[in-house]
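Coordinate analysis (summary)
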Amino acid sequence: MREHLNFYIQANNPRVLKEHNIEDKNISDAMETIFPLYTESAVMNWNHICIPLSYKYDISYMMDDTLNLLEDLIQVKEGKRTICWLPDTFRSDWNVVWGSGRLEIISH
């Protein structure tokens, strides 16, 4: 039997710039525009290891993959997906498998 891991994301309270860029084409671009480089980070806690994630770069780069995964989890009863996370601070590949009320993430 596999050990269950502790996983959560602490969002914190980052500063937000009142910026608008008409060239932003998606939520990832908009996040990079509105969050300053130096503000609080979100914190991903994976099996009691804390990983700070920048809103401006890390989370904005991860947003499209995250939204696609959530859409699949909601709309598709069972499936699998591989995500290659791009941020330098959280460079990993996830093999995600779901179905029958279970979600399994195997990270490399």
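Attention in this report is confined to the structure presented alongside it.

Here is what the cut-offs are and how they apply
- Residues numbered from 1 in each chain as written.
- Predicted model: local features only at pLDDT ≥ 70, side-chain atom pairs only at ≥ 80, totals over all residues.
- Heavy atoms only, no water.
- Helix = DSSP H or I, 4+ residues; strand = E, 2+ residues; numbered from the N terminus.
- Buried < 20%, exposed > 50% of the residue type's maximum accessible area, 1.4 Å probe, protein only.
- Contact = heavy atoms within 4.5 Å.
- Areas by Shrake-Rupley, 256 points an atom, 1.4 Å probe, with all protein chains shown as cover.
- Lys, Arg positive; Asp, Glu negative; His and termini not counted.
- Charge placed at Lys NZ, Arg CZ, Asp CG, Glu CD.
- Pairing = 2+ DSSP bridges.
- Core = buried A, V, L, I, M, F, W, Y, C linked by side-chain atoms within 4.5 Å.

1. Observations regarding the overall build of the chain
A count of helical and extended segments in the chain gives two helices and six strands. A principal-axis box enclosing the C-alpha atoms of the chain has dimensions of 50 × 30 × 20 Å. For the chain, the proportion of its 108 residues judged to be buried stands at 29%. Nonlocal contacts in the chain, meaning residues at least 24 apart in sequence, comprise 42% of its contacts between residues at least 6 apart. When the accessible surface of the chain is totalled, it reaches about 7,800 Å², and 55% of it is carbon and sulfur. Between the centroid of the 10 positive side chains of the chain and the centroid of its 16 negative side chains there is a distance of 4 Å.

2. Looking at the environment of Met44
Relative to the helices and strands, Met44 resides in strand 2 (residues 42–46). Under the relative-accessibility criterion, Met44 is labelled buried at 2%. Every residue in contact with Met44, bar those within four places of it in the chain, is listed here: Phe7, Tyr8, Ile9, Ile49, Cys50, Ile51, Leu53, Met62 and Phe90.

3. What about the pairing of strand 5 (residues 92–99)?
As paired elements, strand 4 (residues 79–85) and strand 5 share seven bridges and run antiparallel to each other. Bridging from a neighbouring strand, Cys84 pairs with Asp93 of strand 5. Pairing geometry for strand 5 and strand 6 (residues 102–107), over six bridges, is antiparallel. Within the sheet, the bridge partner assigned to Val96 lies in strand 6 and is Ile105. Linking strand 5 to strand 6, which pair antiparallel, is a turn of two residues; within it Ser100 sits at a positive phi near 50°.

4. What to know about the nonpolar core
Membership of the largest hydrophobic core comes to 18 residues, with the highest contact counts inside it found for Met44, Leu53, Ile59, Met62, Trp85, Phe90 and Trp94. Listing elements by their share of this core, those giving two or more residues are strand 2, strand 3 (49–53), helix 2 (55–75), strand 4 and strand 5. No other element matches the five residues that helix 2 contributes to this core. Ignoring any residue separated from it by four or fewer positions in sequence, one finds Trp94 in contact with Phe7, Trp46, Arg81, Thr82, Ile83, Trp85, Ile105, Ile106 and Ser107.

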